[in-house]
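So you can see what is in the structure, the chains are spelled out below.
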Amino acid sequence: MRHHQYNPNYHFVKEPVDFNKYTDRKLLQYCLGATMYMPGTKDFAQAIIDKKYPGLTSMVMCFEDACREEDVPSAEQNCLRVLETLRHKVEGGELAYEDIPLIFFRVRNVEQFKHFAKLLPKESVPFITGFNFPKFNSLNAAAYMDHLVDLNNRFDEVLYGMPIIEDARVAYKESRLDELMAVKRVLDQNKELVLNVRVGGTDFSSCFGVRRGINYTIYDIMTVSNCLMDILNVFTRNNDYTVSGPVWEYFRVNKRMKEMIELPKIDLQQTLLKRKAIVNDAVDGLMRELVLDQANGFMGKTCIHPSHLNYINGMLAVTKDEYDDAYQIKHNSGGVVKGTKGMNEIGPHKAWAERIMMRAEAYGVIDNESGYFELFGE
């Protein structure tokens, strides 16, 4: 896999790297980007074989919210067939292993996780990157992680876990910090198997009977923003874990961007934050939230529609100014030095520089913000 393959002629200052499930975790956790969810009942094998969505690099087949309980058995069988089809195509030379996105399964609960794992043939495991654990909390965390460890030992393969923090134990303030610290203690015991911590913005919203509209970001919903702030506080200290941003629920597909002659010359972030129209309200809202995701320390984003892929992954590319500052910080031992647009304090900015350098590896480096529009492929 490589990001931005939908735009093969784009000229990068620094090209993004290739990656797969065996890439070192320190880099791979930054490569997830737009992780697209779909029901486990959907036969997605042919779309992968045909490269229908060249921007798709990681995907989740869901047995939980996207799947009715009575459909779980058929969803499990469908997912097994998808894996088998991909394996046969690779073995037959009709599909390159490198062209298969990172595949995860969002299990329904611990019991269904164990049941589905029993059905997995060993030869299909190389095509699985890991599992998503919904409503992950202090009561079920150990059971999820213990079984994940067992699977890694049984198959002698790397299989990652991605816990999803999204239930009322974190939503409600009186239990939140104790709950988050308890969850982190469990994850820390097998940190090498945790690829990413995910958050459920929709589930948090449901706890308070709210839903962000198309003209708002999740940060405008104070009760939910408060939850996300504490999750970031606990899990992103010293870059311990990457935490992905919550799903953006709206999509409206344009055949092309608005015809705006001056579009490539605008300041992307300032235009979005001032709520000036760029594409349409659904895409503009997504990009506005992506700007705030990155400012707050989220890495990547849950995705529910392929029209979001290019924007989420495109905006994770690093500008040359950011890269030069990060490189300077990483290669100085201390002090304060002049950067591209301000002063770089070497010590305080080291964690930021590490994240920027990893993003540069995963998503590439572009000249400046104007390059985002071309990179989106519009």
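Criteria and thresholds
Residues numbered from 1 in each chain as written. Predicted model: local features only at pLDDT ≥ 70, side-chain atom pairs only at ≥ 80, totals over all residues. Heavy atoms only, no water. Patch = residues over 30% accessible without salt bridge, like charges linked within 9 Å, V, L, I, M, F, W, Y side chains within 5 Å. Areas by Shrake-Rupley, 256 points an atom, 1.4 Å probe, with all protein chains shown as cover. Salt bridge = Lys/Arg side-chain N within 4 Å of Asp/Glu carboxyl O. Helix = DSSP H or I, 4+ residues; strand = E, 2+ residues; numbered from the N terminus. Core = buried A, V, L, I, M, F, W, Y, C linked by side-chain atoms within 4.5 Å. Buried < 20%, exposed > 50% of the residue type's maximum accessible area, 1.4 Å probe, protein only. Contact = heavy atoms within 4.5 Å. Phe/Tyr/Trp six-rings, centres within 6.5 Å; stacked < 30°, edge-to-face > 60°. Pairing = 2+ DSSP bridges. Axes fitted to C-alpha atoms, helices over the stretch in contact; angles between N-to-C directions. Left-handed = near helix turned anticlockwise from the far one by under 90°. Nonpolar A, V, L, I, M, F, W, Y, C, P; charged D, E, K, R; others polar.

A. Region of the structure containing a nonpolar patch on the surface. Together, Tyr172, Phe208 and Val210 make up an exposed nonpolar region whose accessible area comes to about 220 Å². Structurally, valine 210 is set in the loop between helix H8 (201-207) and helix H9 (222-235).

B. Layout of the nonpolar core. One finds Leu86, Phe105, Phe131 and Phe235 to be the most contacted residues of the largest nonpolar core, which totals 115 residues. The residues touching phenylalanine 105, leaving out its near neighbours within four places in the chain, are Val60, Met61, Phe63, Cys79, Leu83, Phe116, Ile128, Gly130, Phe131 and Asn132. Counting residues in each nonpolar core, the second largest holds ten residues, with Tyr323, Ala353, Ala360 and Val365 among its members.

C. Quick look at the packing of aromatic side chains. The full count for this structure, using the stated rule, is 20 aromatic pairs. Each ring, one from phenylalanine 113 and one from phenylalanine 133, has its centre 5.1 Å from the other, and the planes form 55°; the classification is tilted. Taken as a pair, phenylalanine 113 in helix H4 (residues 110-119) and phenylalanine 133 in strand E4 (residues 130-133) lie far apart in primary sequence, 20 residues in all. There is no split in this pair, since phenylalanine 113 and phenylalanine 133 are both buried. Ring centres of phenylalanine 133 and tyrosine 144 lie 4.4 Å apart, and the angle between their planes is 20°; this geometry places the pair in the stacked category.

D. Fine view of the pairing of strand E1 (residues 34-39). Extensive coverage of E1 is indicated by the burial of five of its six residues. Of the strand pairs in this sheet, E1 and strand E7 (residues 301-303) are connected by three bridges, and their pairing is parallel. Bridge pairing links threonine 35 to threonine 302 in E7. Sheet topology note: the E1/strand E2 (residues 58-62) ladder contains five bridges and is parallel. Its bridge partner being in E2, threonine 35 is matched across the sheet by serine 58.

E. Representation of the environment of alanine 45. With respect to the element layout, alanine 45 can be found in helix H2 (residues 45-49). According to the relative accessible area criterion, alanine 45 is buried, its value standing at 4%. In this structure, the C-alpha to C-alpha distance between alanine 45 and asparagine 140, residues 95 residues apart in sequence, is 32 Å. When near neighbours in sequence (up to four residues on either side) are disregarded, alanine 45 contacts Val82, Thr85 and Leu86.

F. Up close: the pattern of salt bridges. Tallied over the full model, the rule gives 26 salt bridges. As a salt-bridge pair, arginine 87 and glutamate 91 come within 3.2 Å of each other at their nearest N and O atoms. With arginine 87 and glutamate 91 both in helix H3 (residues 72-91) and four residues apart, the pair spans about one turn of that helix. Given the relative accessible area of 12%, arginine 87 is considered buried. Exposure remark for glutamate 91: the relative accessible area of 56% places this residue in the exposed category. A salt bridge links aspartate 188 to lysine 184, with the shortest nitrogen-to-oxygen separation between them at 3.0 Å. In this pair, aspartate 188 and lysine 184 both sit in helix H7 (residues 173-189), four residues apart, roughly one turn of the helix.

G. Local environment of the packing of H7 against H9. Their axes nearest at 10 Å, the elements H7 and H9 cross at an angle of 30°. The two elements H7 and H9 meet at a crossing, and its hand is right-handed. Across the interface between the two elements, Lys173, Arg176, Leu177, Leu180, Met181, Val183, Lys184 and Leu187 from H7 touch Asn226, Cys227, Asp230, Ile231, Val234 and Phe235 from H9. Looking at the contact of H7 with H9, its residues break down into nine nonpolar, one polar and four charged.

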